[in-house]
Amino acid sequence: MISSIRDVDDLKTFVFVVQDRSFTQTASRMGVTKAAVAKRIQGLEKIWNTQLFYRNTRKVIPTRDADLIYQKVVAILESVKELENSLTNKDELEGTLRITCVSSMSHNFVADVIEKFQVQNPKITIQLIVTDSLLDLMEESIDLGIRVGSDIPPGLMGVELFKNRIVAVASPGYLKTNRELQSPKDLETHNLLYLDLHKNLQFSGTNHTLESLSKKRNFVSNDAASLVQMGLKGKGILIRSFWDIEEGLQEGKFIPVLEDYPLKNFGSVWLVHPFSKTPSRRMMVFRNFLETECRVKLSR
């Protein structure tokens, strides 16, 4: 009975078969026979006590267990590759980074940072998992998560990137056809566009919350992008995180309102990784790059 994985090539074989969906193609890629590939897969199935592939005459299909194991094996191979690079004093970063963030953050913030990072590190592959669900980073084999909250979630460690500042803005067209706002109380006569999770945010120096001022709110959505579009079209006063509308502010598509009564911050934006996972060199380089980009953004 096989009791352990014989060498890294066993894991490489598994990854290649998942990618190629073919024993024949994997054999050609590795320079071995099809029988050798089949033997390695059979050995792994014995070790892991599960079927990894469904086989028919035309193609090989990974089982559910194989899909779950795949990302973990890729992470192991990336660690081996990084070790090899460090031992040969190879300075150029290679490998894959799996990063997750919420959808609203992916478009106007994270994607721009990734683009700049890959210009400097062209051999790094970024897998960006965009979801508004809080994924288990260990279970999903995710290297880094960009999270919004009051603190770092349990089981994770990381660094605060910046305070999640919430701002009130409106389009120039909207402000031309609506009377000037002097105080938060004036918002009672305006349509307010905000996420419900922000409803209890308070205007500094007052007792007013967004919810208490929402007398004419006629559009409610849990999709930040929809709210931003309504704001751009002049459908009301938009209340959003500054990082989501920074580009619109710079281009003059939005104008800040009630700057003398700033809303209280909604937590902070954090870069986190599993507590039990030692950061790889590429993770640390990306973290440093992201922190630098955030400092530049905040200094504008």
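Here the structure is a predicted model, which is why all the values come from computation and not from measurement. (Residues numbered from 1 in each chain as written. Predicted model: local features only at pLDDT ≥ 70, side-chain atom pairs only at ≥ 80, totals over all residues. Heavy atoms only, no water.)

A. Fine view of the layout of surface pockets. Here the largest pocket is characterised by a volume of approximately 510 Å³. Lining the largest pocket are 29 residues, with Val102, Ser104, Asp132, Leu195 and Leu197 sitting closest to its centre. For the lining of the largest pocket, the secondary-structure elements that each account for two or more residues are β3 (95-101), α5 (103-120), β5 (144-149) and β9 (237-241). When residues of the lining of the largest pocket are assigned to their parent elements, the largest contribution, four residues, is made by β5. (1 Å grid on protein atoms, 1.4 Å probe; cavity = no way out; pocket = protein on both sides within 12 Å on 5 of 7 lines; lining within 4 Å. Points joined across faces, edges and corners; volume = space filled by probe spheres on them. Helix = DSSP H or I, 4+ residues; strand = E, 2+ residues; numbered from the N terminus.)

B. Focus on the sheet that holds strand β4 (residues 124-130). Ordered by their spatial adjacency, five strands build an open sheet running β4-β3-β5-β11-β6, and the pairing between neighbours is mixed. Sheet topology places β4 and β6 (156-163) at the edges, where each strand pairs with a single neighbour. Across the sheet, the axes of successive neighbouring strands diverge by a mean angle of 25°, strand direction being ignored. With seven bridges joining them, β3 and β4 adopt parallel strand pairing. Bridged to Thr96 within β4 is Thr125. Relative to β4, α5 is tilted by about 180°, and along the sheet it contacts β3, β4, β5, β6 and β11 (268-274). (Pairing = 2+ DSSP bridges. Axes fitted to C-alpha atoms, helices over the stretch in contact; angles between N-to-C directions. Contact = heavy atoms within 4.5 Å.)

C. Geometry of the domain arrangement of the chain. The domain boundaries assigned to the chain delineate domain 1 (8-87), domain 2 (95-164 + 267-299) and domain 3 (166-256). For domain 1 versus domain 2, the separation of C-alpha centres amounts to 29 Å. Listed per partner, the contact involves five residues of domain 1 and nine residues of domain 2. Carbon and sulfur atoms make up 36% of the area that domain 1 and domain 2 hide from each other, which totals about 630 Å². At the junction of domain 1 with domain 2, the criterion picks out zero salt bridges. Across the contact surface, domain 1 and domain 2 share zero residue pairs in polar contact (both at pLDDT 80 or more). (Domains from an automatic or database assignment. Buried area = accessible area lost by both parts, 1.4 Å probe. Salt bridge = Lys/Arg side-chain N within 4 Å of Asp/Glu carboxyl O. Polar contact = N/O pair within 3.5 Å; in protein donor to acceptor, adjacent residues only side chain to side chain.)

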